[in-house]
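In case you want the letters, here they are:
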Amino acid sequence: MVSVKDLISALGEELHDYVNKANTVFIFDETIIEAWIEEKGDKEQVLSIFALIDLIIDLLRQKQYVQPIIIPIDVLLELEKKGKSYVNNKEFIDAINTFALIKEINPDKEYTGGQSVSELANLLEKQGYSKTIVILTLKKDRYQKTEKIIPLKPSRILLTFILMNCWAGDLMTEDLKRVYQTWLGKISGNNS
Amino acid sequence: MAKLNKEKWLSSNTFEFEKTDGEFVAIKSETGSDLTLRKEIMPDGSFTKYIHGKLKKKS
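The structure contained in this document is the topic of the report that follows. The shown structure was predicted, so the numbers you read here are calculated from the model rather than taken from an experiment.

Concerning the overall build of chain B
Here is step 1: The number of helices and strands found in chain B is 2 helices and 2 strands.
Here is step 2: Of the regular secondary structure in chain B, the N- to C-terminal order runs α-β-β-α.
Here is step 3: A total accessible area of about 3900 Å² is found for chain B, and carbon and sulfur atoms account for 48% of it.

Written as structure tokens, this is what we have:
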């Protein structure tokens, strides 16, 4: 039987600081939206984001606290510029609003998706925001890692998220197990 | 210039950030409630499969 402590150790040192869900905030960039809606990207990453969002929704259904998830409005603007018509679809807007906060970084300035994510993370860090800021992205290399800002791919955060929200809190209900098995059974390879 | 209606997006989400005791927290501006209050949660089952199905019907 593997203990939660063993699992946390297996995640690596960089993840230890934010295993506590109350100390973490997530920012999603446009690569995550594209992976989620269009299944665009590496299969492991796509399935990980499917699983992650399904888990978030199941936790919200159970009225559990979930880390704040922020999406800058410029991320959506960038998707629209790329011709992604779903951005203006009511079903999509309702879906995003179910689990994420849409933030405008600066009403007088238009950023690319990546710039807006970096800008938001930097602003939060400069303002003394006490939580660890996890940028969820398929393009990890375009963000600068700092003590407070940690860019991660979905597969890397998925296990941590489960630990933070489900196993550690004994919340791995039958429904959550089903969600986990639905998507995780299809994922092969490591969690890097 | 992008055509996305920012107001449509931003007004449909009532959450705002406010600074409290040196820390930013997300609150629901209408009520002052914290993040545990969310908009309507979608039907049971896989949310991802649900939204994929909805968007396919529209395309």
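Having seen the structure, we can now continue with the description.
Looking at the overall build of chain A
Here is step 1: The number of helices and strands found in chain A is 9 helices and 5 strands.
Here is step 2: Reading chain A from its N end, one meets helices and strands in the order α-α-β-α-α-β-α-α-β-α-β-β-α-α.
Here is step 3: The proportion of buried residues among the 192 residues of chain A is 57%.
Here is step 4: Of all intrachain contacts in chain A linking residues separated by at least 6 positions in sequence, the fraction that spans at least 24 positions is 73%.

Examining the pairing of strand 5 (residues 149-152) of chain A
Residues and elements named next belong to chain A.
Here is step 1: Going residue by residue along strand 5, you find Ile149 and Pro151 tucked away on one face and Ile150 and Leu152 tucked away on the opposite face as well.
Here is step 2: For strand 4 (residues 132-136) and strand 5, the ladder comprises 4 bridges, and the chain directions are parallel. Within strand 5, the position partnered with Ile135 by the bridge is Pro151.

Considerations on the packing of helix 3 (residues 30-38) of chain A against helix 5 (residues 73-81) of chain A
Residue and element names in this part refer to chain A.
Here is step 1: Direction vectors running N to C along helix 3 and helix 5 enclose 60 degrees, while the axes themselves pass 9 Å from each other. In terms of their interaxial angle, helix 3 and helix 5 are classed as oblique. Handedness of the helix 3/helix 5 crossing: right-handed. On the side of helix 3, the interface is formed by Glu30, Ile33 and Glu34, while helix 5 contributes Val75, Glu78 and Leu79.
Here is step 2: Class assignment for the residues of the contact of helix 3 with helix 5 results in 3 nonpolar, no polar and 3 charged.

What counts and how
Residues numbered from 1 in each chain as written. Chains lettered and ligands numbered in written order. Predicted model: local features only at pLDDT ≥ 70, side-chain atom pairs only at ≥ 80, totals over all residues. Heavy atoms only, no water. Helix = DSSP H or I, 4+ residues; strand = E, 2+ residues; numbered from the N terminus. Areas by Shrake-Rupley, 256 points an atom, 1.4 Å probe, with all protein chains shown as cover. Buried < 20%, exposed > 50% of the residue type's maximum accessible area, 1.4 Å probe, protein only. Contact = heavy atoms within 4.5 Å. Pairing = 2+ DSSP bridges. Axes fitted to C-alpha atoms, helices over the stretch in contact; angles between N-to-C directions. Parallel < 35°, antiparallel > 145°, perpendicular 65-115°, else oblique. Left-handed = near helix turned anticlockwise from the far one by under 90°. Nonpolar A, V, L, I, M, F, W, Y, C, P; charged D, E, K, R; others polar.

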